[in-house]
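Geometric and topological summary
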Amino acid sequence: MMAGYDSFGLIDSRPRVAISLDAARRIFESGDPGRDGFLPFGNGKSYGDSCHNDRGTLVDMRESDQLISFDPQTGLLAAEAGLMLSDIIALAAPHGYFLPVTPGTRFVTLGGAIANDVHGKNHHRRGTFGCHVERFDLLKSDGTVVTCSASMNSKLFAATIGGLGLTGIILSASIRLMKVNSLDVAESVKPFAGLAEYFEMAPQADNDNEYAVAWVDQLSSGRRAGRGVLLTGNHADNGSFEARTEESRLGVPFELPISALNYPSLKLFNAAYFHFKGRKREPHLSTYQTFFYPLDSVSNWNRLYGRTGLYQHQSVIPEDAASAVVPQMLAATREAGQSSFLTVLKRFGNVASPGIMSFPRAGYTLTVDFPNRGARTLALLERLDSMTIDADGRVNPYKDQRMSSAVFKAGFPGWQELEKERDPAFNSNFWARTALAGGTA
């Protein structure tokens, strides 16, 4: 198999070698897996090169997608690693359950959610996805299957959650779902005139709500700089449990020759979105698809960025520095003449992940994305890296395609713990570029 293994950023789009899980098992059982040969591949929603291993072979997990068991009394679900979160929602919803943590797309595999230790809009309440993983079975390159939990093979358990697929192949996992009143969300919208106002609002919003996330108008400057809307929500008492598993029929059928997301179009979009959302100040019912997964309504929306792809930069800045550093970072993007379609700001809480390489930490996380315009885009991203590390923050590995070894190691000083647990026959472009480059300092 060669096609269909790009990452979501489409920066390095090319055919890649992939095999089935059964084929990988046969190689492992032969006793000669080689080195740097394998990496599990879920549904390709990582933005950068953490899901690629161009020196070796990808193991396509999407056919390993069966439900194993579900207990509607406890919410404990066991499934193969290739099952999509969208399918888990559909299976659990009739029994009154939802994912305790969900990223911004539901078309992510269970194994991918664990390997990236994804987070959502409720980190302040529920932590990361890994906080709700009870156990999993991990296939190693010597052919053995190791059962891992917090009390069984605990070091491997901690290394695999957020371990970017480097410890082996998650075959199946058990997770505990969350009981909810409905899938849908009672949403409230609070406009803010600038980031100072947002930072005043955010702690109380987290205290009062299950979910909280802010959209920021990245392009506004002067007295409008940093304006945006704070969206909060809780599962509604009067909502629906109807779930959809299929991807949208509305989509971008091909890669555009140039990016459609340029300064004029985004300037108009940002102004319209700010005023449209700002009018909805009274609490209202939002479907779960609209609240959690607005971009799932347009399949292949990443093609809007053009043939050269997009870079996404997600940082987390400690709470005591964020109110000063985040405005400086947004100012830097405007000074560089770069326009971000998605500019999202969230507050992370103190809920610790069991994973040693988990990205979230207490503070504020800023996400921006840019069409790939070559050297000037890369220069801006390096500047954002520097501002992040200078503030004692970190950059998200599974959103990254180009951060330096020094930036990665400064943000994740515990990376060597993962390296100790990494299966010697597993590697990725990201790990080779960051952890294995530049020595151990």
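Residues numbered from 1 in each chain as written. Predicted model: local features only at pLDDT ≥ 70, side-chain atom pairs only at ≥ 80, totals over all residues. Heavy atoms only, no water.

- For the protein chain, an unreviewed UniProt entry supplies the name FAD/FMN-containing dehydrogenase and the organism Phyllobacterium trifolii.
- Under the Sequence similarities (unreviewed entry) heading, UniProt states for the protein chain: "Belongs to the oxygen-dependent FAD-linked oxidoreductase family." (UniProt positions renumbered as here; feature names shortened; annotations may be inferred.)

Looking at the overall build of the protein chain
- A count of helices and strands for the protein chain gives 13 helices and 18 strands.
- With 441 residues in all, the protein chain has 59% of them scored as buried. (Helix = DSSP H or I, 4+ residues; strand = E, 2+ residues; numbered from the N terminus. Buried < 20%, exposed > 50% of the residue type's maximum accessible area, 1.4 Å probe, protein only.)

So, the side chain of Ser188
- Mapped onto the elements, Ser188 comes out in strand 11 (residues 185–192).
- With residues up to four places along the chain from it excluded, the contact list for Ser188 reads Leu230, Leu231, Thr232 and Pro283. (Contact = heavy atoms within 4.5 Å.)

Here we look at the packing of aromatic side chains
- Following the criterion strictly, the structure yields 23 aromatic pairs and no others.
- With a centroid separation of 6.0 Å and 75° between ring planes, the pair formed by Tyr198 and Tyr364 is classed as edge-to-face. One end of the pair, Tyr198, is in helix 6 (residues 195–208); the other, Tyr364, is in strand 17 (residues 363–371), and 166 residues separate them in sequence.
- A residue is classified by how much of its surface remains accessible, and Tyr198, at 2% relative accessible area, is buried.
- Here Tyr364 falls in the buried class, since its relative accessible area comes to 3%.
- The ring of Phe291 is capped by Lys121, whose NZ or CZ atom sits 5.8 Å from the centre of that ring.
- One cation-aromatic arrangement involves Arg394 over Phe412; the distance from NZ or CZ to the ring centre is 4.7 Å. (Phe/Tyr/Trp six-rings, centres within 6.5 Å; stacked < 30°, edge-to-face > 60°. Lys NZ or Arg CZ within 6 Å of the ring centre and 35° of its normal.)

Details of the pattern of salt bridges
- Applying the stated criterion to the full structure yields 22 salt bridges.
- Note that Asp296 is salt-bridged to Arg106, the shortest N-O span being 3.2 Å. Taken together, the residues Asp296 in the loop between helix 8 (288–292) and strand 15 (310–317) and Arg106 in the loop between strand 6 (97–98) and helix 3 (110–115) connect sequence positions 190 residues apart. As far as the burial class goes, Asp296 and Arg106 line up, both buried.
- For Glu417, the salt bridge identified is with Lys420, shortest N-O distance 3.3 Å. In this pair, Glu417 and Lys420 both sit in helix 12 (residues 415–421), three residues apart, roughly one turn of the helix.
- Accessibility expressed as a relative area gives 39% for Glu417, which makes it partly exposed.
- Each of Asp6, Asp12, Arg14, Arg16 and Asp54 takes part in one network of salt bridges that share partners. (Salt bridge = Lys/Arg side-chain N within 4 Å of Asp/Glu carboxyl O.)

Concerning the packing of helix 9 (residues 319–335) against helix 10 (residues 375–390)
- Axis separation between helix 9 and helix 10 bottoms out at 10 Å; the angle between their running directions is 170°. Between helix 9 and helix 10, the angle falls in the class roughly antiparallel. The two elements helix 9 and helix 10 cross, and the hand of that crossing is right-handed. The segment helix 9 lies against helix 10, with Val325, Gln328, Met329, Ala332, Thr333 and Glu335 engaging Leu380, Arg383, Leu384, Met387 and Thr388.
- Looking at the contact of helix 9 with helix 10 residue by residue, the class counts come to six nonpolar, three polar and two charged. (Axes fitted to C-alpha atoms, helices over the stretch in contact; angles between N-to-C directions. Parallel < 35°, antiparallel > 145°, perpendicular 65-115°, else oblique. Left-handed = near helix turned anticlockwise from the far one by under 90°. Nonpolar A, V, L, I, M, F, W, Y, C, P; charged D, E, K, R; others polar.)

Observations regarding the environment of Asp60
- Looking at the element boundaries, Asp60 is found in strand 3 (residues 57–60).
- Along the primary structure Asp60 and Tyr5 are separated by 55 residues, whereas in three dimensions their C-alpha atoms are 8.9 Å apart.
- At 2.6 Å, the side chain of Asp60 forms a polar contact with the side chain of Tyr5. (Polar contact = N/O pair within 3.5 Å; in protein donor to acceptor, adjacent residues only side chain to side chain.)

Observations concerning the sheet that holds strand 2 (residues 38–41)
- Judged by pairing direction, the sheet is parallel, and its three strands sit side by side in the order 1-3-2 without closing on themselves. Where the open sheet ends on each side, the last strands, each with one partner, are strand 1 (18–20) and strand 2. On average, each strand axis in the sheet is inclined to that of its neighbour by 35°, with strand direction left out of account.
- Looking at chain direction, strand 1 and strand 3 are connected through three bridges and run parallel. Note on strand 3: the bridge partner recorded for Ala18 is Leu58. (Pairing = 2+ DSSP bridges.)

Re unusual backbone geometry
- Even without being a glycine, Asn153 presents a positive backbone phi close to 50°.
- Position of Asn153 among the secondary structure elements: in the loop between strand 8 (145–149) and helix 5 (154–160).

Re the environment of Ser182
- By the element assignment, Ser182 lies in the loop between strand 10 (178–179) and strand 11.
- Each C-alpha atom, one on Ser182 and one on Ser240, is 5.4 Å from the other, the two residues being 58 residues apart in sequence.
- Polar contacts involving the side chain of Ser182 include one to the main-chain carbonyl oxygen of Ala236, which spans 2.7 Å.

Quick word on helix 10
- The first and last C-alpha atoms of helix 10 sit 22 Å apart over 16 residues, in line with the 22 Å expected at 1.5 Å per residue.
- When helix 10 is considered as a whole, its buried residues turn out to be Thr377, Leu380, Leu381, Leu384, Asp385, Met387 and Thr388. Across the axial projection of helix 10, the buried residues extend over an arc of 165°, all falling on one side. Those residues of helix 10 that are exposed and angled more than 90 degrees off the buried face are Ala375, Glu382 and Asp390.
- One or two steps after helix 10, the chain reaches Asp392, where phi turns positive at roughly 65°. (Expected span 1.5 Å × (residues − 1). Arc of directions from axis to C-beta.)

Some remarks on the side chain of Gln401
- Along the chain, Gln401 falls in the loop between strand 18 (394–395) and helix 11 (405–411).
- On the accessibility criterion, Gln401 (16% relative accessible area) is buried.
- With sequence-adjacent residues up to four places away left out, Gln401 is seen in contact with Ser7, Ile11, Asp12, Tyr47, Gly48, Asp49, Tyr311 and Arg433.

Focus: the pairing of strand 5 (residues 76–80)
- Here strand 4 (residues 67–71) pairs with strand 5 via four bridges, running antiparallel. Paired with Phe70 across the bridge in strand 5 is Leu77.
- In textbook terms, the turn of a hairpin is the stretch between consecutive antiparallel strands, and for strand 4 and strand 5 this stretch comprises four residues, one of which, Gly75, has a positive phi near 80°.

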